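Architecture and fold: a report
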Amino acid sequence: MAMAPTARLILGSIAFAIFWVLAVFPAVPFLPIGRTAGSLLGAMLMVLFQVTTPDEAFAAIDLPILGLLFGTMVVSVFLERAGMFKHLGRLLSWKSKGGKDLLCRICIVSAISSALFTNDTCCVVLTEFILKVSRQNNLPPQPFLLALASSANIGSATTPIGNPQNLVIAVQSKITFEKFLFGILPAMVLGIAVNISILLIYFSKLLSTEKFEVEVESVAEIIPEDDVTFHRFSPATMSHLNCLPNLDLNDGIDAVVQCSSCKEYGRGDNLRNRLSISENEALLTTTGRSSSMMNCSSNSLITQALNEKECSTERWKDLLWNACVYLVTVGMLIALLMGLSMSWSAISAALALIVLDFKDARPCLEKRNDTDLHQVSYSLLIFFCGMFITVDGFNQTGLPSALWDFMEPFARIDTMEGVAVLALVILFLSNIASNVPTVLLLGARVAASAAAISPAEETRAWLILAWVSTVAGNLSLLGSAANLIVCEQARRAQVGYNLSFFGHLRFGLPSTLIITAVGLFLIRNY
């Protein structure tokens, strides 16, 4: 593409620079408007500066990507309601044999769940659980938080629905879900194994098995009172029943009579301190009390039977609903594996769950309160719209094409050296400009360069772009949204922990370089 006139080139670069600054640093002091508003500002400036026309701006918005993102968000909402993520938490702590065993489980579970339900969702759900487990066993949270974030990023590279940049690649490249999955799966499996090994070596002294086992045995003693749920049953009120004071017929003994359902207690007085009453009155009172207790017990049994029947019905309804959610989700994954439209498969699954729910869908489509883990993030969808327009306008300036023309001879996909150079460029841009804009800027150019060699090389180029741009998120704390989610969730949790930038970088830099290289070798042989 030829370079645009100088004025358009400068103005387009300024608009993109404003978008980039607000996307990477959403709370800059001179314009703290956030990522979403920053992307819309960049898009508006592209149109105002006449870098792109309004019609071209609307055409730049990729509706299939937005549809796929929306559908997966709605499905995640229903999966949360069905208890899917609670089961993942239980799986992590079930018969755990030590700190190292727990770390391995976190890596495997987060990798698999992020491939199916996006890395952001996985990190939001599991962060607070990991903090609680590490606190209960006197283990440092850092290795487990790093294991969660890094494995979620690696695992999300496996499928088109694992993260936003993969959505873009899958739609633009038209690679089927099956080919995408099996093209990157070997790299992901080995990458997770290498990631576990690096974590175990890096934190070997902190993950003491003996220490963990001692703490597990005494968990019941160290769990604070507010972490334990007590079930208290309030006394029922029966207006037709008059529980009389109990009369103690035994000299010197205080009798306590408890009504089995209403929990009322009558304390008897000593007969020596009371007025004498006749034996007939005492007998009548005792007989009436027995009759009242029998009636009370009978009513209690009836009420208990009705409550048990109602609870049983509700339990069966919940089981049926959960089964429907899981079946629809499995059906969506099967449709994706069969090569059907990914966006329409996700939207169809979302609408099927909304219809089966048979309720007003508004609570599922919007955030209800601040404690909701899942909701449809309309701010993210708007961010994507603005980003599509901004990146398209920047491409029209011709500057990205000129930079790629300079790099292309050194980054050819058919040589080992070329793949290494391409990977370094993607790693650098993904941590400077974020991974989604990097994919939008480089994707078409890398694919066209590879297609000139062979169609198979074009597919491999897209897969390499997906793998490297995703694993690049592990390099620094700012490299991936999943990292920021783990950091922010950990900081705001009840048992807070601050994951520092340099603490992450010391692990992330060597881990990212090694895992990227391992994956490139396997994708090369695909």
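Please read these numbers as outputs of a predicted model, since none were measured by experiment.

This brings us to the overall build of the protein. Looking only at helices and strands, one finds 22 helices and two strands in the protein. Burial analysis of the protein (526 residues in total) assigns 47% to the buried set. Counted over contacts in the protein with a minimum sequence separation of 6, partners at least 24 positions apart contribute 75%. Within the structure as shown, the protein displays about 26,900 Å² of accessible surface, and the carbon and sulfur contribution to it stands at 64%.

Here the focus is empty space enclosed by the protein. Here the idea is plain: a probe the size of a water molecule rolls over the atoms and shows the empty space left. This structure, assessed with the given rule, holds two cavities of 30 Å³ or more. Reported here for the largest cavity is a volume of approximately 60 Å³. Lining the largest cavity, in full, are T72, V75, S76, L116, F117, T118, I161, T329 and M332. Among the secondary structure elements, those contributing two or more residues to the lining of the largest cavity are α4 (63-81), α6 (99-117) and α13 (279-337). The dominant element in the lining of the largest cavity, judged by the number of residues it contributes, is α4, at three residues. The residue inventory of the lining of the largest cavity, partitioned by class, reads five nonpolar, four polar and no charged. In this structure, the second largest cavity spans a volume of roughly 40 Å³. Broken down by element, the residue count for the lining of the second largest cavity peaks at three residues, all from helix α19 (residues 435-451).

Before going further, it helps to spend a moment on the pattern of salt bridges. As enumerated under the stated definition, the model contains four salt bridges in all. R81 serves as the salt-bridge partner of D357, at 3.1 Å between the closest nitrogen and oxygen. With D357 in helix α14 (residues 342-357) and R81 in helix α4, this pair connects stretches of sequence that are 276 residues apart. Overall, the relative accessible area of 11% leaves D357 in the buried class. Residue R81 is classed as partly exposed on the basis of its relative accessible area, which comes to 33%. Of the charged contacts, one joins R460 and E457 as a salt bridge, the two residues approaching to 2.7 Å between their closest N and O atoms. Of this pair, R460 and E457 both sit in helix α20 (residues 455-471), separated by three residues, roughly a single helical turn. A relative accessible area of 6% places R460 in the buried class. A relative accessible area of 17% means that E457 is categorised as buried.

Turning to the packing of aromatic side chains, a few remarks are in order. By the definition in use, this model includes nine aromatic pairs. Measuring from ring centre to ring centre gives 4.2 Å for F16 and F394, while their planes differ by 10°; the resulting arrangement is stacked. Of the two residues, F16 sits in helix α1 (residues 6-24) while F394 sits in helix α16 (residues 378-396), which places them 378 residues apart along the sequence. Under the relative-accessibility criterion, F16 is labelled buried at 9%. Judged by its relative accessible area of 9%, F394 is buried. Ring plane angle 75° and centroid distance 4.8 Å describe the contact between Y202 and F203, whose orientation is recorded as edge-to-face. Taken together through their ring pairs, the aromatic side chains of F16, F19, F383, F384, F388 and F394 make up a single cluster.

Our next topic: unusual backbone geometry. Of note, the phi angle at Q50 is positive, near 60°, even though the residue is not glycine. Inspection of the secondary structure puts Q50 in the loop between α2 (34-48) and α3 (54-60). Taking relative accessible area as the criterion, Q50 reaches 62% and is therefore assigned exposed. In this structure, F358 is a non-glycine residue whose phi angle is positive, near 60°.

Moving on, we get to α19. With 17 residues, α19 should reach 24 Å at 1.5 Å per residue; the first-to-last C-alpha distance of 22 Å fits that figure. Along its length, α19 shows its largest kink, about 45°, at L442. Taken across its 17 residues, α19 has 14 buried, putting it largely inside the fold.

Looking now at the UniProt feature "transmembrane region" (unreviewed entry) in the protein. Mapped onto this numbering, the UniProt entry annotates "transmembrane region" (unreviewed entry) at residues 6-25, 57-81, 180-203, 342-358, 378-399, 419-442, 462-485 and 505-523. End C-alpha atoms of residues 505-523 are separated by 26 Å, and the span's content is 100% helix alongside 0% strand.

Pairs of packed helices are described in terms of their axes, by the angle between the two and the distance that separates them. For the pair α4 and helix α9 (residues 164-173), the least separation of the axes is 9 Å and the interaxial angle reads 135°. As judged from the angle between their axes, α4 and α9 are oblique. As α4 runs across α9, the sense of the crossing is right-handed. Contact residues: α4 offers P64, I65, L68 and L69, while α9 offers L167, V168 and V171. A per-class count over the contact of α4 with α9 returns seven nonpolar, no polar and no charged.

With respect to the helices, strands and loops of the structure, S113 is situated in helix α6. From its side chain, S113 meets the backbone oxygen of V109 in a polar contact 2.8 Å long. Within the structure, the side chain of S113 is placed 3.3 Å from the backbone oxygen of S110, a separation counted as a polar contact. Discounting residues that sit within four places of it in the chain, S113 has contacts with L88, T118 and C122.

Turning our attention to the environment of I161. Relative to the assigned elements, I161 resides in the loop between α8 (141-156) and α9. Classification of I161 as buried rests on a relative accessible area of 2%. For the pair I161 and F177, spaced 16 residues apart in sequence, the C-alpha to C-alpha distance is 9.1 Å.

As a further point, take helix α18 (residues 416-432). When the terminal C-alpha atoms of α18 are compared, their 25 Å separation across 17 residues agrees well with the 24 Å that a helix rising 1.5 Å per residue should span. Where α18 is concerned, the buried positions are G418, V419, L422, A423, V425, I426, L427, S430 and N431. Just beyond α18, the residue with positive phi is S434, at close to 80°.

The next thing to look at is the side chain of D62. Tracing the chain through its elements places D62 in the loop between α3 and α4. Look at D62: it is buried, it has no salt bridge, and the nearest opposite charge is K174 at 8.3 Å.

About the thresholds
Residues numbered from 1 in each chain as written. Predicted model: local features only at pLDDT ≥ 70, side-chain atom pairs only at ≥ 80, totals over all residues. Heavy atoms only, no water. Helix = DSSP H or I, 4+ residues; strand = E, 2+ residues; numbered from the N terminus. Buried < 20%, exposed > 50% of the residue type's maximum accessible area, 1.4 Å probe, protein only. Contact = heavy atoms within 4.5 Å. Areas by Shrake-Rupley, 256 points an atom, 1.4 Å probe, with all protein chains shown as cover. 1 Å grid on protein atoms, 1.4 Å probe; cavity = no way out; pocket = protein on both sides within 12 Å on 5 of 7 lines; lining within 4 Å. Points joined across faces, edges and corners; volume = space filled by probe spheres on them. Nonpolar A, V, L, I, M, F, W, Y, C, P; charged D, E, K, R; others polar. Salt bridge = Lys/Arg side-chain N within 4 Å of Asp/Glu carboxyl O. Phe/Tyr/Trp six-rings, centres within 6.5 Å; stacked < 30°, edge-to-face > 60°. Expected span 1.5 Å × (residues − 1). Bend = angle between axes of the 7 residues up to and from the residue. UniProt positions renumbered as here; feature names shortened; annotations may be inferred. Axes fitted to C-alpha atoms, helices over the stretch in contact; angles between N-to-C directions. Parallel < 35°, antiparallel > 145°, perpendicular 65-115°, else oblique. Left-handed = near helix turned anticlockwise from the far one by under 90°. Polar contact = N/O pair within 3.5 Å; in protein donor to acceptor, adjacent residues only side chain to side chain. Lys, Arg positive; Asp, Glu negative; His and termini not counted.

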